[in-house]
Amino acid sequence: ESGQARSADPAPTGVPWGALARSRNQWVFAANQVFTNLGWVFLITLLARYLKDRFRVPVEERALMATLPLFAGAVAMLAGGWLTDRLTRRMGTRYGRAVPLGLLKAPCVVGYCVIPFLGGPWEVVAALMVVAAFTDAGVPAVWAFAQDTGGKQAATVLGWANMWGNLGAGLGAKLIGVASAAYGWDAALYACSGAFALAGLTGLLANAARPLFPPPGSERPPGERPV
């Protein structure tokens, strides 16, 4: 397909919990947010502690180092909006959203895997700037996916995914902290890498060309489950 796949919205006015819960596509979208936040949350919860434990970085310098990946992510988010729009014009809605949601996670996987082998704190920060930049470059595709599939219920679809993503962030902060205490920092970093690998897979499976509420004339046969 090409162009925006938006429903003409025979959508309910309330929160469509049933439609969301029955939609495999929306569960895939939610899983993408869970795994993305599982990998990303290290940057805002444990990075400063990691720099202190491994490199004994002074607190003032740690503060600057912990800020730089977030700054890189903010800049990359602007580029991500341009990227998903350009891909959508060239490849259609399906892949114009799936490529940023999925393939942009690959550098994040690699970034976390190489950190245990880096010899200095600034090298680690540089690797995490790459992780943050590619993570946030995919954020505009998240917003666009909610618009493409949700139509007039775009805010609800985004809220659905954001709810699960926040759950992933909350669990991730705890689980990664436990992993680092029990098995060392390298295990925690590899866990983040694995989370991004799963985020990449679910991102590629998410289909923005499938609206939650099909437009009139394309209704599913009775009894067919939403996609």
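One can find the structure itself at the top, above this paragraph.
Residues numbered from 1 in each chain as written. Predicted model: local features only at pLDDT ≥ 70, side-chain atom pairs only at ≥ 80, totals over all residues. Heavy atoms only, no water.

A. Quick peek at a nonpolar patch on the surface. A cluster of nonpolar side chains, V15, W17 and M163, forms an exposed patch at the surface whose accessible area comes to about 310 Å². The topology assignment puts V15 in the segment before α1 (17-22). (Patch = residues over 30% accessible without salt bridge, like charges linked within 9 Å, V, L, I, M, F, W, Y side chains within 5 Å. Areas by Shrake-Rupley, 256 points an atom, 1.4 Å probe, with all protein chains shown as cover. Salt bridge = Lys/Arg side-chain N within 4 Å of Asp/Glu carboxyl O. Helix = DSSP H or I, 4+ residues; strand = E, 2+ residues; numbered from the N terminus.)

B. Broad picture of the environment of I44. Assignment of secondary structure puts I44 in helix α3 (residues 42-45). You can call I44 partly exposed: its relative accessible area is 46%. Along the primary structure I44 and L70 are separated by 26 residues, whereas in three dimensions their C-alpha atoms are 8.4 Å apart. (Buried < 20%, exposed > 50% of the residue type's maximum accessible area, 1.4 Å probe, protein only.)

C. Highlighting the packing of aromatic side chains. Considering all chains together, one arrives at ten aromatic pairs under this definition. Ring geometry for W27 versus W160: centroids 4.8 Å apart, planes at 75°, classification edge-to-face. Pair noted here: W27 is in helix α2 (residues 24-40) and W160 is in helix α10 (residues 154-183), with a separation of 133 residues, a long-range link. A residue is classified by how much of its surface remains accessible, and W27, at 36% relative accessible area, is partly exposed. The class for W160 is buried, based on a relative accessible area of 5%. Summarising the aromatic geometry, the rings of F29 and F145 are spaced 4.2 Å apart at their centres and angled 35° between planes, so their arrangement reads as tilted. Here the residue F29 occupies a position in helix α2, and F145 occupies one in helix α9 (residues 139-150), the gap between them amounting to 116 residues. Grouping residues by exposure puts F29 and F145 together as buried. In textbook terms, an aromatic cluster arises when at least three aromatic residues are bridged by ring pairs, as seen for F42, Y50, F55, Y112, W185 and F196. When the ring centre of Y95 is taken as reference, the NZ or CZ atom of R94 above it lies at 4.9 Å. (Phe/Tyr/Trp six-rings, centres within 6.5 Å; stacked < 30°, edge-to-face > 60°. Lys NZ or Arg CZ within 6 Å of the ring centre and 35° of its normal.)

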